[in-house]
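The residues making up each chain are set out below.
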Amino acid sequence: MRKVTKILVKVLSTIILLSIFLPVAISLLLHVGCVQNFVVDRAAEFASEYLGARVSIGRIDLRLLSTVNVEDFYVEDYNRDTLIYARTAQTRISSLNIVQDGLRLSASRAEGAKVYIRELPSGELNIRPIVERLQSPNPKGNFRLFMDDIEADNVVFAYERLEHRNPEYGMDYFDMRIENISARVSSLSVVKGRVDIDIERLSAREKCGITIDNLTSNLWIDRGVICFEDFSLVTPNSSIVIPEFSLLGDNWDEYKDFINNVRMVGNVADVTLSTEDLGYFAPALKDWNVVVHH
C-alpha cells in the first residue's frame, strides 16, 4: 500500500510541476527569436489558408497558454489592398476545442485598428469573397467565432465606392470615413457569416463633421439584413431611442440602389432631433436651427 501511495504522490507531484512549469517554459521559448518567428509564420499561414487571403502578423506573445498579444496584424483583400489592420491586439483564449466549440475568446483589446471596405472594379465589395468563404458549407468555411468583453480604441472604418458624390456639405455615402472610434462590446459572434453584436458603448466622428457621443444597441447582420434592437444614439445636439429598426435587402448587391431596393422598418420611442445634425444628411435643413421632439 505504501508503494502505491508513493507512486500516486510522485505522479501527482509531476502533474503539478508540469502544470506550473510547462506554460512558463513555453512562454519563455516564445520569446526566443527563432521560435517566435516559427509561431508567427505558422499562424499567418493557417489564417491565410483559412480565409483564402494574405494574412501577416508582426509579432505574437503568448502568455501562460491563454493570453495572446499580437502586433501588426494585417489582412489583405483579394485585390491586394488593406482590408483589416491592427497595430496591437490582445485576447484570452477561452477554448481550444475549435472543431466542436468554435473559436472562443474573451477580454479582447485592440488599439489602432483600421477596416477598409472598398468597391472593386468588378462591382462587388472587397470583403464579400471572404464572407462567402466563411459561409461556405465545406469544413474550412464552417467558421464560428465567439468573443466576450471587447474594447477598442482609436479605430478607423472606411467605406469607399469607385465613384464619389463629393457633396459640398454633409455625408458622402460613397466615400465614408469614420475615425476616433472607441467602443466596448459585451459579446460578438460570427457563425457562417452571420454577425451578432451587443454594443455597450460606442463613440466616433465621421469626416463630414457629425459626432456620435454614445451609441448602444443589440445588432445582427446576415445576407443583406441589418437589424438594430434597443437602439440608442446620443450626439451633442440630439438623442434617439428606437426599440427596433431594420434595413432589409435580399442581398448586399441591393444596397447599391439603396432607395429603391432596401426597405426600412422600425418604430421610434423617444426622439430629440436637431436640424443641425439632420443637415449632415439633408443639407437644405442645416441652417433651420430647429429641434424636434417626439
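Residues numbered from 1 in each chain as written. Predicted model: local features only at pLDDT ≥ 70, side-chain atom pairs only at ≥ 80, totals over all residues. Heavy atoms only, no water.

### Observations concerning a nonpolar patch on the surface
Together, Phe258, Ile259 and Met264 line one region of the surface with nonpolar side chains, adding up to about 340 Å² of accessible area. The topology assignment puts phenylalanine 258 in helix 5 (residues 258-261). For phenylalanine 258, a relative accessible area of 30% corresponds to the partly exposed category. (Patch = residues over 30% accessible without salt bridge, like charges linked within 9 Å, V, L, I, M, F, W, Y side chains within 5 Å. Areas by Shrake-Rupley, 256 points an atom, 1.4 Å probe, with all protein chains shown as cover. Salt bridge = Lys/Arg side-chain N within 4 Å of Asp/Glu carboxyl O. Helix = DSSP H or I, 4+ residues; strand = E, 2+ residues; numbered from the N terminus. Buried < 20%, exposed > 50% of the residue type's maximum accessible area, 1.4 Å probe, protein only.)

### A closer look at the pattern of salt bridges
A complete count under the given rule lists 13 salt bridges for this structure. Between lysine 207 and aspartate 175 there is a salt bridge; the shortest N-O distance is 2.8 Å. Residue lysine 207 is found in the loop between strand 7 (194-206) and strand 8 (211-212), and its partner aspartate 175 is found in strand 6 (residues 175-191); the two are separated by 32 residues along the sequence. By relative accessible area, lysine 207 is classed as partly exposed at 46%. Overall, aspartate 175 belongs to the buried group, its relative accessible area being 16%.

### As for the packing of aromatic side chains
Within this structure, the stated rule accounts for 2 aromatic pairs. Look at tyrosine 169 and tyrosine 280: their rings are 5.6 Å apart centre to centre, the planes differ by 15°, and that puts the pair in the stacked class. You can see tyrosine 169 sitting in the loop between strand 5 (144-160) and strand 6 and its partner tyrosine 280 sitting in the loop between helix 6 (275-278) and strand 14 (291-293), a full 111 residues away along the chain. With a relative accessible area of 30%, tyrosine 169 lands in the partly exposed category. Seen from their ring centres, phenylalanine 228 and phenylalanine 231 are 5.4 Å apart, and the 75° between their planes marks the pair as edge-to-face. Residues phenylalanine 228 and phenylalanine 231 agree in their burial class; the two are buried. Taking NZ or CZ as reference, arginine 104 lies 4.2 Å from the ring centre of phenylalanine 146, over its face. Positioned over the ring face of tryptophan 220 is arginine 194, at 4.3 Å from the centre of the ring. (Phe/Tyr/Trp six-rings, centres within 6.5 Å; stacked < 30°, edge-to-face > 60°. Lys NZ or Arg CZ within 6 Å of the ring centre and 35° of its normal.)

### Some words on the side chain of glutamate 76
Within the element layout of this structure, glutamate 76 appears in strand 2 (residues 67-76). For glutamate 76, the side chain forms a polar contact with the side chain of tyrosine 74, separated by 3.1 Å. The contact partners of glutamate 76, leaving out residues within four places of it in the chain, are Ala53, Arg54, Asp81, Leu83 and Ile130. (Polar contact = N/O pair within 3.5 Å; in protein donor to acceptor, adjacent residues only side chain to side chain. Contact = heavy atoms within 4.5 Å.)

### A closer look at unusual backbone geometry
Leaving glycine out, the prevailing phi sign among residues is negative, and the prevailing peptide bond configuration is trans. Positive phi outside glycine occurs at arginine 80, with the angle close to 65°. Inspection of the secondary structure puts arginine 80 in the loop between strand 2 and strand 3 (82-95). The backbone of aspartate 149 sits at a positive phi, close to 60°, despite the residue not being glycine.

Nothing here speaks to function; it is all geometry.
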